[in-house]
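Spelled out from the first residue to the last, the chains are:
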Amino acid sequence: MAIFLLSLFILPTASSQQIYFSRKIPADSTTLSQHMFVLSGQLIKNLAATARDKRDGEYYGCLFAVQALTHKYKESNQSIDSLRLALKTTGVPEEDSQGYLNIYEAYNHIKLMRASGDKRSEQEIFKWALPIVLGNFKGQAFAYATEPYSHDAAAIETEWQTALAKVQARQSDSLSIDSAIMFAQAYLQHLVYKPFLAIGKKAAFKADNANFIIQDSAMITMRDGAKLAAVIVRDRKLTAPQPVVMMSNIYAGTEEINLAKEIAGRGYVGVILNTRGKYASDVSIEPWEHDAEDGYDAIDWISKQSWCNGKVGMYGGSYLGFSQWAAAKKLHPALKTIVPQAAAAPGIDFPMHNSVFTTYALRWVSNVTKNKLTDWKGFFDTADWNASFNKWYTAGQAYNALDSVNGQSNTIFQRWLQHPSYDKYWQSMIPYQQEFSKINIPVLTITGYFDGDQLGALYYYKQHHLWNPSANHYLVIGPFDHAGAQGSPSAVVNGYTIDQVAKIDINKLVFQWFDFVLKGGVKPDLLKNTVNYQVMGTNEWWHAASLEKMSSRTLDFYLSTEKEGKFNKLANKKTGGHIAQAADFSKRVIADFKDSYSMFSDTLNSKDALTFVSDKLQSDVVIAGSFTGDLMALTNKKDMDIALAVIVQDPFGKYSSLSSAFQRASYSKNNSRRQLLKPGVKEAIPITGNFTGKKVLKGSRIIVQVSVLNNAAVEVNYGTGKDVATETIADAKQPLQIKWFGDSLIRIPIVSDKF
């Protein structure tokens with residue numbers, strides 16, 4: 001929605017402060033406007049207390065909205081100018097901010113023109129001015145400038161009514177500062193878009209047709225007769241055949257023309273292919289299963305069009321990252337490069353993560369299979385989903401009954417459950433083993449330390465280099481979350497303020513890569529070597545020839561029986577004996593699903609986990625890569641799902657999460673074949689953590705926590721050895737008993753040559 005950019009601008013330091021705002025606010029426009037004038041005036045006073053060196057994009061993003069609501073239109077536009085300058089240092093593309101903000105700037109100008117005596121109505125002025133405004137934008141910037149007018153009026157109205165109802169439902173006459181700012185932003189969006197959206201749509205449509213050749217719902221026939229819909233956008237000025245940049249998109253929606261326009265604005269033919277069954281396609285929606293063949297067939301069709309010069313590149317994130325690897329599995333000759341971002345890997349990190357199915361899998365598949373578009377409204381009803389998952393969990397039902405909790409069985413979800421191993425079903429979707437050796441096109445993988453699909457993204461990278469040692473495959477990884485790795489990294493991720501050099505424009509990097517590969521341009525400066533990673537806390541990008549060559553040595557720790565205060569010691573050498581741990585699956589603790597997460601804490605949560613603490617580090621170190629563990633254990637069950645977290649306690653006593661992993665023991669050695677544990681027999685359980693890069697200060701301690709998965713976010717493994725998806729609370733019986741031995745080894749890769 002149009003408010004998306006504004007919603008980034010909430011001052012986190014102000015979130016706990018309260019401001020007066022009567023809970024009995026009327027919905028009629030005149031009286032509400034008066035209330036908002038008063039509220040916005042209070043917010044301006046509050047913002048004025050912000051120190052000058054803290055007046056960044058968040059500050060100006062909040063300020064311009066409330067200034068407009070207090071009729072300070074000139075000052076609001078000055079704040080918009082300041083915001084644009086601030087955004088240049090945050091990684092948000094300048095063209096993006098120009099596009100989303102020009103409608104607010106126009107609103108302010110119109111108010112000033114009316115105040116100076118212009119007799120025309122606001123709508124008349126807007127209708128006259130918008131074509132002039134849009135004429136100032138060219139190429140990619142033009143695509144962004146017209147994007148606000150693609151939004152749906154009913155959806156914007158619904159968003160406003162939701163925000164209004166939430167504020168009206170309060171039981172007190174106060175609002176937190178961040179809630180007040182968000183409400184003010186929603187109100188401003190409502191004021192700006194309601195009178196201007198219809199006019200803007202007409203002007204944007206006219207401007208679009210003057211600048212682009214647009215094909216909506218071009219139908220492409222697959223080898224089996226199925227037809228897939230595609231949006232195709234070409235720049236009218238480019239009459240010669242051009243390279244094509246394509247997305248293969250399961251998240252069908254009305255904004256796809258804007259995506260294709262953005263591509264065309266960068267000098268390519270933009271193609272957004274909707275996956276099978278989506279948008280205007282009339283076949284069944286079957287995620288993951290047909291993308292390899294369909295990708296090949298679509299590229300074959302594109303390569304034969306008069307506007308294509310025979311070169312096709314692909315990019316996009318999450319499922320759109322997967323669909324690129326699916327296309328590479330068959331590798332049409334016209335596919336010259338792919339740029340998978342935060343790429344999901346079916347059977348590897350979704351719908352099961354290290355062989356453990358997640359409840360999120362049902363939420364996702366419901367989102368994309370409910371209709372031919374995307375059920376974002378249902379997907380973002382977080383409270384309803386969390387209630388369903390907790391209901392399933394507390395009832396002790398089998399995981400295969402999860403989709404029946406809300407009364408909507410899902411055929412695809414049930415199909416997945418028939419394949420708990422990484423078998424031929426999953427192997428058919430993406431390159432498998434020797435198939436990676438045949439992928440000889442340049443590849444740029446982008447992922448993040450906080451990306452939920454990092455496991456998948458790095459799986460592709462590792463397998464490609466394993467089976468094709470000469471693979472032309474680059475990696476960019478930094479302090480990005482799932483969304484940030486696909487566009488503009490957030491300035492604050494999970495409570496961590498990223499280094500300035502990490503605030504890169506990832507979209508710009510992607511198209512620099514396309515210019516390099518498809519047009520013979522210069523290789524992006526960031527790609528100094530095969531592996532390019534930003535080390536948190538150094539404000540530097542580091543580079544290595546391979547993942548193996550990143551680290552010079554490892555910090556080796558063993559789980560010890562020796563006590564370190566109320567915890568155990570993380571020892572530097574093997575110790576004898578064992579540490580006991582138990583998990584009673586007959587007990588249920590309701591999960592506290594949180595909308596946000598901070599990697600920092602003043603206290604260490606050790607509930608339900610064994611905690612091991614190291615001695616203080618004797619020097620600064622840079623941890624770079626993924627920790628590995630060989631956990632030596634003896635249990636009374638045939639299986640278990642374990643979680644391992646690595647935490648840093650800095651010299652000042654503050655805790656921060658470094659890396660984590662969870663793993664089903666029976667698949668820890670081979671995800672294609674289940675090997676049950678032997679009760680009463682000591683066995684090794686290998687585990688690998690998330691990739692990270694961070695400077696850790698001298699005097700810090702490394703903390704390792706080991707726990708057993710038992711919550712509403714994942715299926716519950718009761719350890720019977722049966723198909724886990726069929727187990728219920730009736731299978732809990734005796735608690736799981738574990739002995740962790742003192743030769744359990746955790747290895748943390750470090751780079752020590754700079755410190």
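Residues numbered from 1 in each chain as written. Predicted model: local features only at pLDDT ≥ 70, side-chain atom pairs only at ≥ 80, totals over all residues. Heavy atoms only, no water.

**With respect to the sheet that holds strand 6 (residues 269-274)**
Read from one edge of the open sheet, ten strands run 3-4-6-5-7-8-11-12-15-16, paired in mixed fashion. The open sheet has two edge strands with one neighbour each: strand 3 (212-221) and strand 16 (540-544). Strand-to-strand twist across the sheet, computed as the mean angle between neighbouring axes with direction ignored, equals 20°. Bridge count between strand 4 (residues 227-235) and strand 6: four bridges; the pairing is antiparallel. Across the sheet, Ala230 pairs through a bridge with Leu273, a residue of strand 6. Its contacts with the sheet place helix 10 (residues 291-303) against strand 3, strand 4, strand 5 (242-249), strand 6, strand 7 (308-317) and strand 8 (335-341), and it is angled at close to 145° to strand 7. Seen against the sheet, helix 18 (residues 454-467) touches strand 11 (443-450), strand 12 (473-481) and strand 15 (531-535) and runs at an angle of roughly 165° to strand 12. (Pairing = 2+ DSSP bridges. Helix = DSSP H or I, 4+ residues; strand = E, 2+ residues; numbered from the N terminus. Axes fitted to C-alpha atoms, helices over the stretch in contact; angles between N-to-C directions. Contact = heavy atoms within 4.5 Å.)

**Considering empty space enclosed by the protein**
Unoccupied space between atoms shows up once a probe the size of one water molecule is rolled over them. All told, the structure shown has three cavities of 30 Å³ or more when counted by the stated rule. Its boundaries defined by the atoms lining it, the largest cavity holds a volume of some 80 Å³. Residue contributions to the lining of the largest cavity peak at three residues, all from helix 10. The computed volume of the second largest cavity comes to approximately 40 Å³. Every residue along the wall of the second largest cavity is listed here: Ala633, Leu634, Thr635, Leu677, Lys678, Val681, Glu683 and Ile685. (1 Å grid on protein atoms, 1.4 Å probe; cavity = no way out; pocket = protein on both sides within 12 Å on 5 of 7 lines; lining within 4 Å. Points joined across faces, edges and corners; volume = space filled by probe spheres on them.)

**With respect to the environment of Tyr425**
With respect to the secondary-structure elements, Tyr425 resides in helix 16 (residues 424-427). Sequence separation of Tyr425 and His290 is 135 residues, and the distance between their C-alpha atoms is 11 Å. One polar contact links Tyr425 to Glu289, side chain to side chain, over a distance of 2.6 Å. (Polar contact = N/O pair within 3.5 Å; in protein donor to acceptor, adjacent residues only side chain to side chain.)

**Quick word on unusual backbone geometry**
With omega at 0°, the peptide bond leading from Phe350 into Pro351 counts as cis. Despite not being glycine, Lys733 has its phi angle at roughly 45°, a positive value. Lys733 sits in the exposed class, given a relative accessible area of 68%. (Buried < 20%, exposed > 50% of the residue type's maximum accessible area, 1.4 Å probe, protein only.)

**Topic: helix 9 (residues 256-265)**
Buried residues dominate helix 9, accounting for eight of its ten residues. All of the buried residues in helix 9 are Glu256, Asn258, Ala260, Lys261, Glu262, Ile263, Ala264 and Gly265. Looking one or two residues beyond helix 9, the residue adopting positive phi is Gly267, at roughly 95°.

**Comments concerning the packing of helix 7 (residues 153-168) against helix 8 (residues 177-211)**
How two helices sit against one another is set out by the angle between their axes and by the gap between those axes. One way to put it is that helix 7 packs onto helix 8 with a least axis distance of 10 Å and a crossing angle of 150°. By the angle between their axes, helix 7 is roughly antiparallel relative to helix 8. Between helix 7 and helix 8 the crossing geometry is left-handed. Contacts from Ala153, Ile156, Glu157, Glu159, Trp160, Ala163, Leu164 and Val167 of helix 7 reach helix 8 at Phe183, Ala186, Tyr187, Gln189, His190, Tyr193 and Leu197. Of the residues in the contact of helix 7 with helix 8, the class split is eleven nonpolar, two polar and two charged. (Parallel < 35°, antiparallel > 145°, perpendicular 65-115°, else oblique. Left-handed = near helix turned anticlockwise from the far one by under 90°. Nonpolar A, V, L, I, M, F, W, Y, C, P; charged D, E, K, R; others polar.)

**Let's talk about the confidence of the model for the protein**
Across the protein, pLDDT averages 91, with 95% of residues at or above 70. Within the model, the stretch residues 1-15 combines pLDDT values under 50 with 50 contacts to residues more than four positions away or in other chains. (pLDDT = per-residue confidence, 0-100.)

**Some thoughts on the packing of aromatic side chains**
In total, this model carries 47 aromatic pairs according to the counting rule given. Ring geometry for Tyr59 against Tyr60: centres 4.9 Å apart, planes inclined by 80°, an arrangement best described as edge-to-face. Just as Tyr59 is buried, Tyr60 falls in that class too. Judged by centre distance (5.7 Å) and plane angle (35°), the rings of Trp385 and Phe389 are tilted. Of the two residues, Trp385 and Phe389 both sit in helix 14 (residues 382-395), four residues apart, roughly one turn of that helix. On the basis of relative accessible area, Trp385 is assigned to the buried category, the value being 8%. Take Phe389: its relative accessible area is 4%, and that puts it in the buried class. Grouped by ring-pair contacts, the aromatic residues Tyr251, Trp288, Tyr319, Phe322, Phe350, Tyr360, Trp364, Trp376, Phe379, Phe380 and Trp416 constitute a single cluster. (Phe/Tyr/Trp six-rings, centres within 6.5 Å; stacked < 30°, edge-to-face > 60°.)

**With respect to the pairing of strand 6**
Where burial is concerned, most of strand 6 is hidden: six out of the six residues are buried. The side-chain alternation of strand 6 yields two buried faces, one formed by Val269, Val271 and Leu273 and the other by Gly270, Ile272 and Asn274. As paired strands, strand 5 and strand 6 are joined by six bridges and run parallel to one another. Paired with Val244 across the bridge in strand 6 is Val269. Taken together, strand 5, helix 9 and strand 6 form a β-α-β motif whose crossover is right-handed. (Right-handed = clockwise from strand over helix to strand, strands pointing away.)

**Remarks on the packing of helix 2 (residues 57-69) against helix 8**
Running from N to C, helix 2 and helix 8 point in directions that differ by 60°, and their axes come no closer than 9 Å. When the axes of helix 2 and helix 8 are compared, the pair comes out oblique. Crossing of helix 2 against helix 8: the hand is left-handed. Two secondary-structure elements touch here, helix 2 through Gly61, Cys62, Phe64, Ala65, Val66, Ala68 and Leu69 and helix 8 through Ile181, Ala184, Gln185, Tyr187, Leu188 and Leu191. Taken together, the residues that form the contact of helix 2 with helix 8 break down as eleven nonpolar, two polar and no charged.

**Some remarks on the side chain of Thr530**
Examined against the element boundaries, Thr530 turns out to sit in the loop between helix 19 (506-519) and strand 15. Its relative accessible area of 18% is what places Thr530 among the buried residues. In terms of polar contacts, Thr530 uses its side chain to reach the backbone carbonyl oxygen of Ala545, at 3.4 Å. Not counting residues up to four positions away in its chain, the partners in contact with Thr530 are Tyr461, His465, His473, Tyr474, Leu475, Ala544 and Ala545.

**Looking at the side chain of Asn274**
Considering the arrangement of structural elements, one finds Asn274 in strand 6. We classify Asn274 as buried; its relative accessible area is 0%. Within the structure, the side chain of Asn274 is placed 2.5 Å from the side chain of Glu256, a separation counted as a polar contact. Contacts of Asn274, omitting those with residues within four sequence positions, involve Leu228, Ala229, Asn249, Ala252, Glu256 and Tyr279.

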